[in-house]
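Chain and residue survey
What follows is the residue order along each chain.
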Amino acid sequence: MQEWVIEIMEQFGYWGVLLLIIIENIFPPIPSEVILSFGGFMTTFTSMTVIGVIGVSTIGSVSGAGILYAVGRLLSAERLESWLHGRIGRILHFKPGDVLMAREKFTQRGHISVLIGRCIPIVRSLISIPAGMTRMKIPKFLFYTVVGSLAWNTLLVLLGAAAGASWEKIAGYFDTFSTVVLVVILVALVLVAWIFYKKRFAKKKNNQQ
């Protein structure tokens, strides 16, 4: 995949960066660290500039995030609640009230979640969906998405430009970081699910006594 990314960027320059970042936001397995660090390296031997790469990559990030935000709006918390009234909810032991609780928590801290989430691999893509589901105001969503994306993109582009021909080392470091983040997220999800089900079954058992 790295060779494919490099080929597109070398052939299309800024337009390649823009397209790849949009796709990367929607399809996380495409490595943003490769796109951005190589983009930074390209500023050392092409007419592309650091500011230009940061600019188009940020536009791409916001565009991709906007698409996932729209997906979240289509899903809607209300629709998810209606699903949990049926068989899916019974199988997973979720209740419609759980969605309301999660929505309220995200509404309270959603802006911070979007801001920080934009700087965390994998999360930076997925965070836009709950923002859409909770109907976060678009101006607020765009503001925090732009700030978070700009910080992430600037860091990687500058590191790529500074590393020059050694840009792959930067991409490698961040790839390792992404893997660690993924493992942490999976472990956290398992723990949260375990705690949730333990409390739910304990409550159900007490009600039956």
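Before reading further, recall that the structure is shown in the block above.
Residues numbered from 1 in each chain as written. Predicted model: local features only at pLDDT ≥ 70, side-chain atom pairs only at ≥ 80, totals over all residues. Heavy atoms only, no water.

1. Regarding the packing of aromatic side chains
Describing an aromatic ring pair means giving the distance of the ring centres and the angle of the ring planes. For clarity, the threshold we go by: Only the six-membered ring of Trp is used, alongside the rings of Phe and Tyr, when aromatic pairs are assigned; centres must lie within 6.5 Å, and planes under 30 degrees apart are stacked while those over 60 apart are edge-to-face, with the rest tilted. A simple rule labels every residue: compare its accessible area, found with a 1.4 Å probe on the protein chains alone, to the largest value its type can have, and call it buried under 20%, exposed over 50%, or partly exposed in between.
Applying the stated criterion across every chain, the model contains five aromatic pairs. Between the aromatic rings of phenylalanine 143 and tyrosine 144, the centroid separation amounts to 5.1 Å while the plane-to-plane angle is 80°, which identifies the pairing as edge-to-face. With a relative accessible area of 19%, tyrosine 144 lands in the buried category. Feature note: the residues Phe38, Phe41, Phe45 and Trp167 constitute an aromatic cluster, connected by ring pairs.

2. Quick notes on the side chain of asparagine 153
For clarity, the threshold we go by: Only runs of H or I of at least four residues qualify as helices and only runs of E of at least two qualify as strands under DSSP, and these elements are numbered from the N terminus. We define a polar contact as two N or O atoms separated by no more than 3.5 Å, with the added condition that, inside protein, one atom must be a possible hydrogen donor and the other a possible acceptor, whereas residues neighbouring each other in sequence contribute only through side-chain atom pairs.
Here asparagine 153 shows up in helix α10 (residues 138-163). A residue is classified by how much of its surface remains accessible, and asparagine 153, at 0% relative accessible area, is buried. A polar contact is formed between the side chain of asparagine 153 and the side chain of threonine 58, at a distance of 3.3 Å. Only 3.3 Å separates the side chain of asparagine 153 from the side chain of serine 61, close enough to count as a polar contact.

3. Overview of helix α3 (residues 32-42)
The buried fraction of α3 is high, at 11 of 11 residues. Taken residue by residue, α3 has Ser32, Glu33, Val34, Ile35, Leu36, Ser37, Phe38, Gly39, Gly40, Phe41 and Met42 as its buried positions.

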